[in-house]
Amino acid sequence: MSTSIRNPESQPDHFTVRLILTFFSLAAILLSIFAWNTIGQSTQPGLEMVLININHGDSILLRSTKGETALIDAGYPDAGTLKYLNEHTVKHLDLLIVTHHDEDHIGGIPEVLRALEVDTYIENGQVIDTDYFHELDKTLQETGVRRKTVRTGDRIPFGELTLEVWNPSRARPDVVNNNSIVLFLQVGKVRFLLTGDIETPIEERLINSNRDLRVDILKVAHHAGNTSSSPAFLEAVKPKIAVYSASNNFPGFPNEDTIDLLRIAGAKVYGTNFNGTITINTDGKTYSISTETGQPLLPY
Ligand SMILES: [Zn+2]
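Report follows, based on the coordinates. Small disclaimer: the values here were computed from a predicted structure and weren't measured.

1. Brief notes about the sheet that holds strand β12 (residues 241–244)
Pairing in this open sheet of 7 strands is mixed, and the strands run β7-β8-β9-β10-β11-β12-β13 from one edge to the other. Each of the sheet's edge strands pairs with one partner strand only, and the pair in question is β7 (155–158) and β13 (268–271). Between one strand and the next, the sheet's axes are offset by a mean angle of 20°, whatever the strand orientation. For strand β10 (residues 190–194) and strand β11 (residues 217–219), the ladder comprises 3 bridges, and the chain directions are parallel. Bridging across to β11, Leu193 finds its partner in Leu218.

Written out as structure tokens, the structure reads:
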């Protein structure tokens, strides 16, 4: 027999129970409306893309507003990528992407690998017999970073964003520039295309891929040299903004005729040789551009 004693006075009546239930139901509805609004605001991730001024070469930092970081190429050794990352307190990279294996893109990668925490290293899978490639390969093995080879059609998650791989479909041993990983990224309505050092044959392949190539921001291929940025490609891409990375002391890069072609295609053109480090910010609806030198556009 139970020995517990119940006090009828302490039991809530039905009205009180209903009142409590109604209160909690209302609170739950209000909370879910608040949460929905918060999620609604946060599903629009923004992005900052920085073309780091490292003279001749490429080094591009992507930072999402949620805090994810991706570095695409790192210029020649000691060219300034690591200095920029240190000055901007970037200590961790979610993605480290190497478009292809020329020294003006991979030379600075070993020092980045040794200094920063890197989650995933992404490459085109080509093996070339140069000192700087072997140095990179050795550093990758020493640091034990996860390596991934990508191909056309692969999708690389970057926080809530996705980097679409548009080249290469396979890494051919006899070419380097045309094995460049080409990346397409859409942030809300704002479209980016990063072309590594591809040349005209890959531009033609992209035109024939039946993709919608139109973008707002184009990272111009191959330091705005004249082996890329064909009129047909620019006509398909129709960039509103074209940014390239180059120096003033590497003959042929940038090429003034190429700059003209970019302008004829309707692009506003910015280059690190004139503008210094170039930073593009987008909230997915619109975008803004700031330059290290404060100069708005190229004078020529
Ligand atoms: Zn290059």
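2. Some words on the environment of Asp94
In this structure, Asp94 sits in strand β4 (residues 92–97). Linking Asp94 and Gly159, residues 65 residues apart in sequence, is a C-alpha distance of 8.9 Å. Those residues within four positions of Asp94 in sequence are excluded, and the remaining contacts are Glu68, Thr69, Ala70, Asp119 and Phe158.

3. Details of the sheet that holds strand β15 (residues 287–291)
On the basis of which strands lie adjacent, the open sheet formed by 8 strands has the order β6-β5-β4-β3-β2-β1-β14-β15 and mixed pairing. Looking along the sheet, the strands with just one partner apiece sit at the ends: β6 (146–149) and β15. The mean inter-strand angle of the sheet, taken between neighbouring strand axes irrespective of direction, is 20°. As judged from the 3 bridges shared by strand β3 (residues 69–72) and β4, these two strands associate in the parallel manner. Bridge assignment links Leu71 to a residue of β4, and that residue is Leu96.

4. What about the environment of Gly46?
Along the chain, the position of Gly46 falls in the loop between α1 (14–42) and β1 (47–51). Gly46 sits in the partly exposed class, given 18 other C-beta atoms within 10 Å. Among all residues touching Gly46, those that are not within four sequence positions of it are Thr65, Val187, Asn281, Thr282, Asp283 and Gly284.

5. Remarks on the pairing of β4
Summarising burial for β4: 5 of the 6 residues are buried, a large majority. Pairing of β4 with strand β5 (residues 117–123), which is carried by 5 bridges, proceeds in the parallel orientation. What sits directly across from Leu96, in β5, is Tyr121.

6. Section: the pairing of β13
The pairing of β12 with β13 spans 4 bridges and is classified as parallel. In the strand pairing of β13, Val243 is matched with Tyr270.

Conventions and cut-offs
- Residues numbered from 1 in each chain as written.
- Predicted model: local features only at pLDDT ≥ 70, side-chain atom pairs only at ≥ 80, totals over all residues.
- Pairing = 2+ DSSP bridges.
- Helix = DSSP H or I, 4+ residues; strand = E, 2+ residues; numbered from the N terminus.
- Axes fitted to C-alpha atoms, helices over the stretch in contact; angles between N-to-C directions.
- Contact = placed C-beta atoms within 7 Å.
- Buried ≥ 20, exposed ≤ 12 C-beta atoms within 10 Å, placed from the backbone.

Remember that the coordinates give geometry; whether it matters functionally is a separate question.
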